[in-house]
Amino acid sequence: QVQLVESGGGLVQPGGSLRLSCAASGSIFSINSMDWYRQAPGQQRELVARITSAGATNYADSVKGRFTISRDNAKNTVYLQMNSLKPEDTAVYYCHLRGVLRDYWGQGTQVTVSS
């Protein structure tokens, strides 16, 4: 079993920054990627950023140039640095581990961008 614990969410003003962290623990074997998703009220969950086991990254068009995904393999932790935040970035952000055999989700962390 794998556990994913997110942290770093909160309230920030437009134009501000936050860094989300996702610490993975448990029986971690082969991983295809680790991802950040988000879900705003009344909307579907969407992929925000992905980092593959090879280190390749990709981003949703809406966050390109503002968000950066990275990882620390020694700590089994993935990060999402979010800069130039906009009110439309407000959502619950979820960490997702896409494994070879199955997927895992974190519990989510709220990000609110408001003045």
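Residues numbered from 1 in each chain as written. Predicted model: local features only at pLDDT ≥ 70, side-chain atom pairs only at ≥ 80, totals over all residues. Heavy atoms only, no water.

Participant: Please provide a residue-by-residue account of the packing of aromatic side chains, values included.
Facilitator: Per the counting criterion, the structure on display carries two aromatic pairs. Arranged with centres 6.4 Å apart and planes meeting at 85 degrees, the rings of Y94 and W105 form a pair that is edge-to-face. Placement of Y94 in strand β9 (residues 91-99) and of W105 in strand β10 (residues 103-105) is noted, with a sequence separation of eleven residues between them. A relative accessible area of 14% means that Y94 is categorised as buried. Here the aromatic cluster, defined as three or more aromatic residues joined through ring pairs, consists of Y37, Y94 and W105. (Phe/Tyr/Trp six-rings, centres within 6.5 Å; stacked < 30°, edge-to-face > 60°. Helix = DSSP H or I, 4+ residues; strand = E, 2+ residues; numbered from the N terminus. Buried < 20%, exposed > 50% of the residue type's maximum accessible area, 1.4 Å probe, protein only.)

Participant: Residue-level account of the pattern of salt bridges, with values.
Facilitator: Oppositely charged side chains may form a pair once their charged atoms are brought near each other. If you walk through the whole model with that rule in mind, you get five salt bridges. Note that R66 and D89 form a salt bridge whose closest N and O atoms lie 2.8 Å from each other. Of this pair, R66 sits in the loop between β6 (57-59) and β7 (67-72) while D89 is found in the loop between β8 (77-82) and β9, placing the two residues 23 residues apart along the sequence. With respect to burial, R66 and D89 carry one shared label: buried. Put simply, R38, E46, R66 and D89 are held in one network by salt bridges that share partners. (Salt bridge = Lys/Arg side-chain N within 4 Å of Asp/Glu carboxyl O.)

Participant: Quick one: what's the story with the nonpolar core, residue by residue and with numbers?
Facilitator: Within the largest apolar cluster, 28 residues are counted, with the highest numbers of intra-cluster contacts made by L4, M34, W36, L80, M82 and Y93. Sorting the residues of this core by element identifies β1 (2-7), β3 (18-26), β4 (31-39), β5 (46-52), β7, β8, β9 and β11 (109-113) as the ones contributing at least two each. Those residues in contact with L80, other than ones at most four positions away along the chain, are L18, R19, L20, W36, V48, A49, F67, T68, I69 and Y93. (Core = buried A, V, L, I, M, F, W, Y, C linked by side-chain atoms within 4.5 Å. Contact = heavy atoms within 4.5 Å.)

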